[in-house]
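Remarks on the overall topology
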Amino acid sequence: WLLPFVNMVVDILQSQSPAGAVPHILGILTGHIYHFFSIIWPKMGGKRYFVAPEAFASALTASKDEDDAVIKKASSKAKKQTA
């Protein structure tokens with residue numbers, strides 16, 4: 001979890017200016033805001049503001065049958081390796 005902060009320090013040292021931290025600070029703040037509004041806020045009863053469009057979400061998610069087939073294949077492969 002220290003990687004973003006270490007990258008920020010390295011960029012500050014390489015640029016020899018505190019301005020090198022600006023993109024990293026913006027990225028860290030953006031990540032915290034996204035995490036809060038997509039996970040914490042809905043658990044507290046708030047509305048979930050960051051929802052992927054349906055077409056995008058359906059393109060990236062596999063169907064239930066495909067998920068089951070992948071899980072069965074992986075479990076049988078693991079059983080064969082341990083036997």
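Residues numbered from 1 in each chain as written. Predicted model: local features only at pLDDT ≥ 70, side-chain atom pairs only at ≥ 80, totals over all residues. Heavy atoms only, no water.

1. Notes on the overall build of the protein chain
Defined as follows: The helix count covers DSSP runs of H or I at least four residues long, the strand count covers runs of E at least two residues long, and both are numbered beginning at the N terminus. Only protein chains enter the accessibility calculation, which uses a 1.4 Å probe. A residue is then buried if its area is under 20% of the maximum for its type, exposed if over 50%, and partly exposed in between. Computed with a 1.4 Å probe, the accessible areas rest on the Shrake-Rupley method; for each residue, only the protein chains presented here act as cover.
Within the protein chain, the secondary structure is distributed over four helices and zero strands. Starting at the N terminus and walking to the C terminus, you meet the elements of the protein chain as α-α-α-α. Taking all 83 residues of the protein chain together, 7% fall into the buried category. For the protein chain, the accessible area works out to roughly 7300 Å², and carbon and sulfur atoms hold 68% of it.

2. Notes on the packing of aromatic side chains
Let me state the cut-off plainly: Each Phe, Tyr or Trp ring (for Trp, its six-membered ring) is paired with any other whose centre lies within 6.5 Å, and the angle between the two planes then decides the class: stacked below 30 degrees, edge-to-face above 60, tilted in between.
Counted under the stated rule, the structure contains six aromatic pairs. With centroids separated by 5.8 Å and ring planes inclined at 40°, the aromatic side chains of F36 and W41 adopt a geometry described as tilted. Seen in terms of ring centroids, F37 and Y49 are 5.8 Å apart; in terms of plane orientation they differ by 75°. Their pairing is edge-to-face. Linking F37 in helix α2 (residues 22-43) with Y49 in the loop between α2 and α3 (54-60), this pair joins segments that are 12 residues apart in sequence. An aromatic cluster is present here, built from Y34, F36, F37, W41, Y49 and F50 joined pairwise through their rings.

3. A short note on the packing of helix α1 (residues 3-15) against α2
The criterion, for reference: Only the contacting stretch of a helix is used when fitting its axis, a line to C-alpha atoms as for every element, and angles between N-to-C directions run 0 to 180 degrees. Any angle that falls under 35 degrees is termed roughly parallel, while one over 145 is termed roughly antiparallel, one within 65 to 115 roughly perpendicular, and all others oblique. When the near helix sits turned anticlockwise from the far one by under a right angle, the crossing is termed left-handed; a clockwise turn instead gives a right-handed crossing. Note on contacts: a residue pair qualifies if any of its non-hydrogen atoms lie within 4.5 Å across the two residues.
Across the interface, α1 lies against α2 with an axial gap of 9 Å and an inter-helix angle of 165°. Between α1 and α2, the crossing angle belongs to the class labelled roughly antiparallel. Considering the relative orientation of α1 and α2, their crossing is left-handed. Counted together, P4, F5, N7, M8 and D11 of α1 and H24, I25 and I28 of α2 form the full contact between these two elements.

4. A look at the confidence of the model for the protein chain
Here is the rule we go by: pLDDT: the predictor's confidence for each residue, scored from 0 to 100.
With 86% of its residues at a pLDDT of at least 70, the protein chain reaches an overall mean of 83. Across the protein chain, the secondary-structure element scoring lowest on mean pLDDT is helix α4 (residues 64-82), at 70, and the one scoring highest is α2, at 91.

5. Re unusual backbone geometry
Phi is positive for Q16, which is not a glycine, with a value near 55°. With respect to the element layout, Q16 can be found in the loop between α1 and α2.

6. Here's the deal with α1
Applicable threshold: In this scheme, a helix's expected span is set at 1.5 Å multiplied by one less than its residue total.
Taking 1.5 Å per residue, 13 residues should reach 18 Å; α1 reaches 18 Å between its end C-alpha atoms and fits that length. A positive backbone phi angle near 55° is found at Q16, which sits one or two residues after α1.

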